[in-house]
Amino acid sequence: MTGNNIPVLRLTQWLDIWNEYEFNEEEKRRKPEPHFYLFSMSATRLRHYSDVYRRERNTENVEGLQRAREESRTTRIKKFIKAGYPYGDLKESQCEENKHLRKPGWLPTAIVINILTQEDERRKKKIKPEHLVKLQENNSKFSIHLPNKDLFIEGDLRPFEVIDGQHRLWAFDEDYEYPDFEVPVVAFHGLDVGWQAYLFWSINISPVRINPSHAFDLYPLLRSQDWLEYKSEIKVYREARAQEITEWLYRHPHSSWNNRISMLQRKGERGVSQAAWVRSLVSTFFAMGRGSGRRGLFQNKSKGLILEWERVQQIAFIMEFWNLVKEHVNDGTSTWIDSYKKKKLNPFTDNSSMLNQDMGIRAIHAVLNDLFFAFDTFFKLSDWYFGVDDKTVTTEQDIVAALKSLKSTEFYEILDDLALAISKFDWRSVNGPG
C-alpha cells in the first residue's frame, strides 16, 4: 500500500448464460459488473471509509440490508480477537485461572463491501465527487485510490457500504489499540441494492451449516489433552470430556455402542447422534447443579467432596452400565422384549426401541446419574481407586483394565441391579412391535 493507493486483485466471475437473466434497474437490480476485487486493509481504516445501512421498514418503504448492530456481539468479537475461543467468552471471574486457554483470534473471513459510484443514491443522497474511490489499471495491475479521510464531515456518505461483516468491522474503534490489524476485503463496484440483498441472503441464510455432531467431532483436534483434566464449570471443558466418553463408546471393541453412534450425523444415517450423546452427558454427569438443577456425578460437589475418578474410570463406568443393560435385555423375558424376539429383531439395537433413540439415552443417563449421585457415600464410590501412568492420554488397554477393576468394586452389584431394572421397563416406541 502506498499512501491512499491500495493494490487489488480483480476477479472475473461471470458466465455467458448470465447475460440472458433479467436485470431491472427499477427494481434495484441493474446489471452488475463482471468483476469484483480482493484486497487487505487495516480494519480501523476500512471502518472509517464505510457505512452500514441498517434495514428499516415502515408502511411506505423498506430499505437497507443489515440487522441492528448488537453491542454485545461487537464486544464479544473484540474479546475473541484478543484471546480467541473459549477464553474470549469467559466471565471476568474465570479469566485469571484459565489463561492457558488463550489463542489467536484470527478473522480470516472477508468483509464484503460495495464501492459506491456517482450514480448510486442512499437515503436520498449521493456521494460527493471528492469522496469517490477510484478504480485504476496500469499494465494489467489494478489498484484503488482512496480519498483523503479528513474530507469527511458528519452526515457524508462514505464510499464503502458493508454488505456482510458489520459486527466484525465495528469491533474496531477509531482509537483501537491494534491499528495495524488487517482484514481481507471482497469489494463489488456499483452493485445495486437488490443484488446486495441477494448476496447477503446467500452468505448468511442459504448455506448448509455444519451439523452439531460434526462440530463435536472436531473437539479432539481443538483441545489439548490437559483440557480434560479440569473439573471446571466452563462448558467447553464439560463438552470436551463428554465427547471423549462418546468417542470411546463408539470406538472401543468392548462397548455395546461400538460403531453404533452417528458420529457425523450424515443425512439418512441411523442411530443416536454424537451431538445427542454429548448433550445428554453434559446435562447429567457433567451438570452444574445451579439452583434446583440436576447435579452431575462427575462434575458437582456432593457434601463438599468431588468424586476424584480418573477420566478412564468415568468412561468405564458409563460403558459397563450400557453393557449390562444390553446383556439383561438380550437375556430378558419381559413382554416387550419377547415382542421383538418374535419378529427376530434385537430389542437393544432396533431403531424402534427407545434404547436406541435420543430420549431413551437421556432418560437412562438421568436415572443412573441421579441414583449414584444421591447415594455416592453409601455406595462408597470414592473407594474405587484406579491409577494410570499417564493421566493425559486414555488408551484402549487402560479402559479394559478399568472395566476389570470396576467389577471388583462393592457397588458393582448395585450397577448390575439397576441395569436389570432398566431392562424390564417397556422401551418400545410407537413404532415398536405390538
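Just so you know, these numbers come straight off a predicted model, no measurement behind them.

Burial runs high along strand E11 (residues 160-164): five of the five residues are buried. Sheet topology note: the strand E3 (residues 50-51)/E11 ladder contains two bridges and is parallel. Counterpart to Asp 51 in the pairing with E11 is Glu 161. Two strands pair when backbone bridges link them, and strand E6 (residues 111-115) and E11 are joined in this way by four bridges, in the antiparallel orientation. In the sheet register, Val 112 faces E11, and the bridge partner there is Asp 164.

A separate point is the nonpolar core. Judged by nonpolar contacts, the single largest core of 59 residues is most densely connected at Phe 317, Ile 318 and Phe 372. Going through the elements one at a time, helix H8 (235-251), helix H9 (274-283), helix H10 (311-331), helix H11 (335-342), helix H12 (358-374), helix H13 (396-406) and helix H14 (412-424) are the ones with two or more residues in this core. Here the element with the most residues in this core is H10; it accounts for eleven residues. Excluding residues that lie within four positions of it along the chain, Ile 318 makes contacts with Ile 245, Leu 249, Leu 281, Phe 285, Phe 298, His 365 and Leu 368. Counting 28 residues, the second largest nonpolar core, distinct from the first, contains Ile 111, Val 133, Phe 142 and Phe 160.

In this section: the environment of Lys 141. Residue placement: Lys 141 occurs in strand E10 (residues 141-145). Under the relative-accessibility criterion, Lys 141 is labelled exposed at 63%. For the pair Lys 141 and Pro 7, spaced 134 residues apart in sequence, the C-alpha separation works out to 7.9 Å.

Before going further, it helps to spend a moment on the sheet that holds E10. Pairing within the open sheet is mixed, and its eight strands lie in the order E3-E11-E6-E12-E2-E1-E10-E9. Every interior strand has two partners, whereas the edge strands, E3 and strand E9 (134-138), have only one. Here helix H5 (residues 193-204) sits on the sheet in contact with E6, E11 and strand E12 (182-189), set at roughly 40° to E11.

A word on the packing of H10 against H12. Direction vectors running N to C along H10 and H12 enclose 120°, while the axes themselves pass 12 Å from each other. By the angle between their axes, H10 is oblique relative to H12. The element H10 and its partner H12 pack so that their crossing is right-handed. Packed against H10, whose contacting residues are Phe 317, Ile 318, Phe 321 and Trp 322, the element H12 presents Ile 361, Ile 364, His 365, Leu 368 and Phe 372 at the interface.

What follows concerns a nonpolar patch on the surface. Taken together, the side chains of Leu 15, Ile 17 and Tyr 21 present a nonpolar region at the surface, about 300 Å² in accessible area. On the secondary structure map, Leu 15 appears in the loop between strand E1 (5-12) and strand E2 (35-42).

Quick look at the packing of aromatic side chains now. Applying the stated criterion to the full structure yields 30 aromatic pairs. Here the aromatic rings of Phe 36 and Phe 188 are separated by 5.1 Å at their centres, their planes lie at 40°, and the arrangement is tilted. Remark: Phe 188 occurs in strand E12 and Phe 36 occurs in strand E2; sequence separation between them is 152 residues. Just as Phe 36 is buried, Phe 188 falls in that class too. Chaining the aromatic ring pairs together yields one cluster made of Phe 285, Phe 286, Phe 298, Trp 309, Phe 317, Phe 372, Phe 375, Phe 378, Phe 379, Trp 384 and Phe 411. Here the guanidinium or amino end of Arg 251 rests over the ring plane of Trp 248, the centre of that ring lying 4.2 Å away. Over the ring of Trp 257 we find Arg 260; its NZ or CZ atom is 4.1 Å from the centre of that ring.

Cut-off values and rules
Residue numbers run consecutively from 1 along every chain, following the written order of its sequence. The model is predicted, so local features are restricted to residues of pLDDT at least 70 and side-chain atom pairs to those at 80 or more, both for listing and for counting; the totals for chains, interfaces and linings are taken over all residues. Just so you know, side-chain values use all the structure's heavy atoms and leave hydrogens and water out. Think of it in three bands: residues with accessible area under 20% of the maximum for their type are buried, residues over 50% are exposed, and the middle band is partly exposed, with areas taken using a 1.4 Å probe on protein chains only. Secondary structure elements follow DSSP: runs of H or I of four or more residues count as helices, runs of E of two or more count as strands, with numbering from the N terminus. The pairing criterion for strands is at least two bridges between them, as found by DSSP. Think of a nonpolar core as a cluster: buried Ala, Val, Leu, Ile, Met, Phe, Trp, Tyr and Cys residues, connected wherever their side-chain atoms sit within 4.5 Å. By definition, residues are in contact when any of their heavy atoms lie within 4.5 Å. For helices, the axis comes from a line fit to the C-alpha atoms of the stretch in contact; other axes are also lines fit to C-alpha atoms, and the angle between any two N-to-C directions lies between 0 and 180 degrees. In these notes the angle categories are as follows: under 35 degrees is roughly parallel, over 145 is roughly antiparallel, 65 to 115 is roughly perpendicular, and the rest is oblique. In this scheme the crossing of two helices becomes right-handed for a clockwise turn of the near helix relative to the far one and left-handed for an anticlockwise turn of less than a right angle. Patch building starts from residues that exceed 30% relative accessible area and form no salt bridge, then joins like charges within 9 Å and nonpolar side chains (Val, Leu, Ile, Met, Phe, Trp, Tyr) within 5 Å. Note on areas: Shrake-Rupley, 1.4 Å probe, and residue coverage restricted to the protein chains presented here. Here, a salt bridge means any Lys or Arg side-chain nitrogen found within 4 Å of an Asp or Glu carboxyl oxygen. Only Phe, Tyr and Trp rings take part, Trp by its six-membered ring, and two of them pair if their centres are within 6.5 Å. Stacked means planes under 30 degrees apart, edge-to-face means over 60, and tilted covers everything else. Cation placement over rings: the criterion is NZ of Lys or CZ of Arg within 6 Å of the ring centroid and within 35° of the ring normal.

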